Amino acid sequence: MALRKPNQALQRTRPSNAVGTRCSLAAPWERRAVYRGASGPGRRHLQGEALAPAPTALTLGATVWARGSREKRAWPPPSPGSSHSPAMEPGGRRQLEQRRLRGPREEAAEYYRGQRVPQRVEEALNALFPLCPADLYGELANYISKFSKAPVICKLVGRKVLDGVGQPTLEVEIHCMVKNHEKRICSIVMSSHSQIPENSLPDTTQADEKERNDSVNTAVEWVNESLNAMLRDLKPTDQCEVDKMLGEYFIKKVEEKKEIQKQEEKEKEQQEAEATLALTLHTPSATALPGKKKATKPGKKVSVAEKMIPPAEPVEPVLCGSFAIGGTSLAVAKAGATVCRIPLYLHIALLKHDQDSPKEMSLPLPIITLLNCEKILPAKLKLMKELMLIPPVHLSLKQGIERVLDIQKEVMRLLDPPGKVPSPQLADSKKGKAGKKAPPQVLKRISHLGCLITGFDNLEQPLLLMQTACNNIGLELGTDMYLAINCAAHGLMDYVKGKYEILTGTFKSPDEMVDMYVELINNFPFIIALIDPLRKEDREQWNNICCALGSKCYLIAEDAATHISKLKIDQNINVPMCSGVVLKYINQTKVSDLIELTGLLDGQRHITILGSPDGESSDDSLVDLAVGLGARFIKLGGLSRGERVTKYNRLLAIEEELAKNRTLREATLEFIAFGEESQPENQPSAVSPPPEQNSALPKLCQPALQAPSLPAQLPENITLT
């Protein structure tokens, strides 16, 4: 009964406002003064010797801890003969019960004190009471969750899914242990390295499909078995450690593959030796005659150019299942961003800058594909694979995309006019044919690149089409919009003739290609980027074209560059002289590889372009990678097909978020004056550097690059074909 009187007194001394109080875990009747630093009507001025705190939610919630400590201090109980002995039940069962509970109580008190639970609960109650949140338990859970353990990877799930063109690819899913519960964090979908070309032979298509299926099945097996066990209990925020383990695993698989190939080669050589020996024993003199006859026929039809051009480099081997490495690395990066509750692009930026958050970030300029020029009859043009648009830097991304859509609508109207009347602006510019040839008819389908498919007869035709479309809607190429061309020259080389076939039946040597590009840019100065104008083997011609055009046009290597894993050699970029490189996240590429490589590119005055593969998926992580890595351009294809538009929508969302946070920096573009740089040894330039210009490199939004208004039809003496 003595314990109830203080409680009754506390009910009479409850303060009207507890702001500024600090509560203790001691029980209310332990007579501790808890009011500190409070003033005003909320402060209770207590008098007398017995000062007791008010029984607020803070003190009442903490009573259990103090009570547990009092019981510990009160043990052992008084002897049975003393006046303070509790009421005993027959047989002393109450004492036995207290002794039985003594151990668990002490263990519980010690366990919670070791985890600092009483202190954390007291801090939470003191912090939340002045706020009086509507969802008290939700805020309490949020406060306490700050002290929980960091999530760790508990399971990886790999499965076979379909990409944007209906081909099988890999999905990697990350599960983490969060607050003692397994939770699915995120997933990503990779693009396979094996892209099946259109119009290919049935045998080739069947072989590519088998290769793709084998690679996907192997990747799924790696993720569900080896990688699942290897990465368990790792934090998803430890990207470097994860990528290091993935790299070591991949090297181990490569060594295993080499050993298997060596064994197969030995067995094959042994079988061939046995077959040759058996054939020699039966026909000893039959092998001498064919060799003598062949030696009398020299190769008279082999052209000199064929001997001069560098041979094609062998295709880089791709380990079956290798994109399980890249998929897992990207999935872990996305999981790390999710766990940290930050966007993936910011997580990548923090990884690149050693956890130093950038004050401002700029968006990569989109290179938007408008037309896919098919190499099909009756079209003759083979040089141009993609015709692309680049908005100027002074426009926002939203404004730039809207302008591209306006141009696209006008181009479709010009390609398919209602009356089928030939347009004089798009007629053939050759002698005697002006006004007689209708514009090329667009095919009624969308390319896998997300753009219209059409064909042209010469190189000027698509450029004049773009100029006419812009003029019709009040835009000027070179000021309001710029052009880029994906030449895809690696697929144009005729190795018998040693020349590029730019049109059907029209061939040019590598040196002639350089002269053609120089004339093209001089006549159409609104073209500011050429992608893969030459093969990667024609390094001397790359040097020449960079010295001639580098100060006014970007010369970009896409297929002319090797895979990311082969680009880094002795801290140097193993690519021909160029303005920049298109990086694609495929195969065994890891996030750490991209971070390291973009750092090297930035240090060597190369621009970085993140590009999507031809067979793309609906995963939009590539956009976050481009923003976080600080890429100058991003090449996503056209504004059609869901897997392409999803990425543009993600880019728009990032722009809106950066603008809202006032961390969006306007992009600036500068060309590289290669003529000012020293030429590499053993690779002399056959083209003299361009005349000296202003030392300040021009920006795209400056008048220096604004092209004058070109005539609707080229003069007859400016035919590039």
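See the structure printed just above.
Residues numbered from 1 in each chain as written. Predicted model: local features only at pLDDT ≥ 70, side-chain atom pairs only at ≥ 80, totals over all residues. Heavy atoms only, no water.

> How should I be thinking about the overall build of the protein chain in this particular structure?
Within the protein chain, the regular secondary structure consists of 20 helices and 17 strands. Relative to its full complement of 721 residues, the protein chain shows a buried share of 45%. In the protein chain, the share of contacts with a sequence separation of at least 24, taken over all contacts with a separation of at least 6, comes to 72%. (Helix = DSSP H or I, 4+ residues; strand = E, 2+ residues; numbered from the N terminus. Buried < 20%, exposed > 50% of the residue type's maximum accessible area, 1.4 Å probe, protein only. Contact = heavy atoms within 4.5 Å.)

> Could you clarify how one ought to interpret the environment of Gly 166 in this entry?
Summarising the element assignment, Gly 166 is placed in the loop between strand S1 (152-162) and strand S2 (168-178). Classification of Gly 166 by relative accessible area gives partly exposed; the value is 43%. Between the C-alpha atoms of Gly 166 and Ser 617, which are 451 residues apart in sequence, the distance is 9.4 Å.

> Explain the packing of aromatic side chains here, please?
The relative placement of two aromatic rings is captured by the distance of their centres and the angle of their planes. Enumeration over the complete set of coordinates arrives at 6 aromatic pairs. Taking the centre distance of 5.8 Å and the plane angle of 70° together, the rings of Phe 524 and Phe 526 count as edge-to-face. Across the pair, Phe 526 and Phe 524 agree in class, each one buried. A ring pair is formed by Tyr 554 and Phe 633, whose centres lie 5.6 Å apart and whose planes are at 80°; its orientation type is edge-to-face. You can see Tyr 554 sitting in strand S12 (residues 554-557) and its partner Phe 633 sitting in strand S17 (residues 633-637), a full 79 residues away along the chain. The pair formed by Tyr 554 and Phe 633 is uniform in burial state, with each residue classed as buried. Between Lys 497 and the ring centre of Phe 507, over which it is positioned, the NZ or CZ distance is 5.2 Å. (Phe/Tyr/Trp six-rings, centres within 6.5 Å; stacked < 30°, edge-to-face > 60°. Lys NZ or Arg CZ within 6 Å of the ring centre and 35° of its normal.)

> Can you walk me through the pattern of salt bridges in this structure?
For side chains of opposite charge, pairing can occur when their charged atoms come near one another. One pass over the structure, following the stated rule, counts 23 salt bridges. Linking Glu 256 and Lys 253 is a salt bridge whose minimum nitrogen-to-oxygen distance equals 3.7 Å. A residue pair is termed a helical-turn pair when its members lie 3 or 4 positions apart in one helix, as Glu 256 and Lys 253 do in helix H8 (residues 239-282) at 3 residues. For Glu 256, a relative accessible area of 34% translates into the label partly exposed. When the shortest N-O distance is used, the salt bridge between Lys 382 and Glu 501 registers 3.3 Å. Of this pair, Lys 382 sits in the loop between strand S4 (365-373) and strand S5 (386-390) while Glu 501 sits in strand S9 (residues 499-503), and the two are 119 residues apart along the sequence. (Salt bridge = Lys/Arg side-chain N within 4 Å of Asp/Glu carboxyl O.)

> Just checking my understanding: could you explain the pairing of strand S16 (residues 607-611) for this structure?
If a strand is regular, its side chains alternate between the two faces of the sheet. The element S16 is largely enclosed, with a buried count of 5 among its 5 residues. Bridging between strand S15 (residues 580-583) and S16 involves 4 bridges; their strand directions are parallel. Considered in S16, the bridge of Val 582 is made with Ile 609. The parallel pair S15 and S16 is bridged by helix H18 (residues 591-603), and the resulting crossover is right-handed. The handedness of the S16 to S17 crossover, carried by helix H19 (residues 621-629), is right-handed. (Pairing = 2+ DSSP bridges. Right-handed = clockwise from strand over helix to strand, strands pointing away.)

> Sorry, what's going on with the packing of helix H7 (residues 202-230) against helix H11 (residues 323-340) here?
Two measures define how a pair of helices packs: the angle their axes make with one another and the distance between the axes. Contact geometry of H7 with H11 gives a least axis separation of 8 Å together with a crossing angle of 50°. Taken together, H7 and H11 sit at an angle that is classed as oblique. Crossing hand, H7 versus H11: right-handed. Of the residues in H11, those in contact with Ser 215, Val 216, Ala 219, Trp 222, Val 223 and Leu 227 of H7 are Phe 323, Ala 324, Ile 325 and Thr 328. Each residue belonging to the contact of H7 with H11 can be placed in one class, and the counts come to 8 nonpolar, 2 polar and no charged. (Axes fitted to C-alpha atoms, helices over the stretch in contact; angles between N-to-C directions. Parallel < 35°, antiparallel > 145°, perpendicular 65-115°, else oblique. Left-handed = near helix turned anticlockwise from the far one by under 90°. Nonpolar A, V, L, I, M, F, W, Y, C, P; charged D, E, K, R; others polar.)

> Even after reading the chapter, I still don't get the sheet that holds strand S8 (residues 493-494), so can you show me in this structure?
Sheet strands associate in pairs through backbone hydrogen bonding, adopting either a parallel or an antiparallel arrangement. Read across the open sheet, the 3 strands follow the order S8-S9-S10; overall the sheet is antiparallel. Here the strands that pair on one side only, and so sit at the sheet edges, are S8 and strand S10 (506-508). Pairing of S8 with S9 involves 2 bridges; the strand directions are antiparallel. Bridging from a neighbouring strand, Met 493 pairs with Tyr 500 of S9.

> Quick question: what am I supposed to make of the pairing of S2 here?
With respect to burial, S2 is a largely interior element, 10 of its 11 residues being buried. With 10 bridges joining them, S1 and S2 adopt antiparallel strand pairing. Each bridged residue has a counterpart across the sheet, and for Gly 158 the counterpart in S2 is Val 172. Here S1 hands over to S2 after 5 residues, with Gly 166 in that stretch at a positive phi of 80°. Bridge analysis of S2 against strand S3 (residues 181-189) gives 8 bridges, and the strand direction is antiparallel. Residue pairing across strands places Cys 176 opposite Lys 183, the latter belonging to S3.

> Sorry, what's going on with H11 here?
It helps to recall that an α-helix has 3.6 residues per turn; residues three or four apart then point in one direction. Taking 1.5 Å as the rise per residue, H11 with 18 residues should run 26 Å; its terminal C-alpha atoms sit 26 Å apart, in good agreement. Phi turns positive, to about 60°, at Arg 341, one or two residues after H11. (Expected span 1.5 Å × (residues − 1).)

> Would you take a moment to explain the sheet that holds S3 for this structure?
The sheet built from 3 strands is open, its strands ordered S1-S2-S3 with antiparallel pairing. The two strands at the open ends of the sheet, each matched to only one other strand, are S1 and S3. This sheet shows a mean twist of 25° between the axes of neighbouring strands, independent of strand direction. Along the sheet, H7 contacts S1 and S2; its crossing angle with S1, the most-contacted strand, is approximately 165°.

> What is the right way to read the side chain of Lys 584 from this model?
Along the chain, Lys 584 falls in the loop between S15 and H18. Within the structure, Lys 584 has its side chain in polar contact with the side chain of Glu 558 (distance 2.9 Å). Leave out the neighbours within four places in its chain, and Lys 584 touches Glu 558, Ile 564, Thr 589, Gly 611, Ser 612 and Pro 613. (Polar contact = N/O pair within 3.5 Å; in protein donor to acceptor, adjacent residues only side chain to side chain.)

> Explain the environment of Gly 550 to me, please; I cannot follow it from the model alone.
Note on placement: Gly 550 falls in the loop between helix H16 (539-549) and S12. Through-space distance from the C-alpha of Gly 550 to that of Ser 579 is 7.2 Å; in sequence the pair is 29 residues apart.

> What am I meant to see in empty space enclosed by the protein here?
In this approach the atoms are scanned with a rolling probe the size of a water molecule, which exposes any empty space left behind. Tallied over the entire structure, the rule returns 5 cavities of 30 Å³ or more. Computed from the structure, the largest cavity encloses a volume of approximately 130 Å³. Val 189, Met 190, Ser 191, Leu 330, Tyr 585, Pro 613, Glu 616, Ser 617, Asp 619, Ser 621, Leu 622 and Leu 625 together form the lining of the largest cavity. Residue classes in the lining of the largest cavity are distributed as 7 nonpolar, 3 polar and 2 charged. (1 Å grid on protein atoms, 1.4 Å probe; cavity = no way out; pocket = protein on both sides within 12 Å on 5 of 7 lines; lining within 4 Å. Points joined across faces, edges and corners; volume = space filled by probe spheres on them.)

> How should I be thinking about a negative patch on the surface in this particular structure?
A contiguous patch of negative charge, built from Glu 264, Glu 265, Glu 267, Glu 269 and Glu 272, is present on the exposed surface. Take Glu 269: it is sitting in helix H8. Overall, the relative accessible area of 53% leaves Glu 269 in the exposed class. (Patch = residues over 30% accessible without salt bridge, like charges linked within 9 Å, V, L, I, M, F, W, Y side chains within 5 Å. Areas by Shrake-Rupley, 256 points an atom, 1.4 Å probe, with all protein chains shown as cover. Lys, Arg positive; Asp, Glu negative; His and termini not counted. Charge placed at Lys NZ, Arg CZ, Asp CG, Glu CD.)

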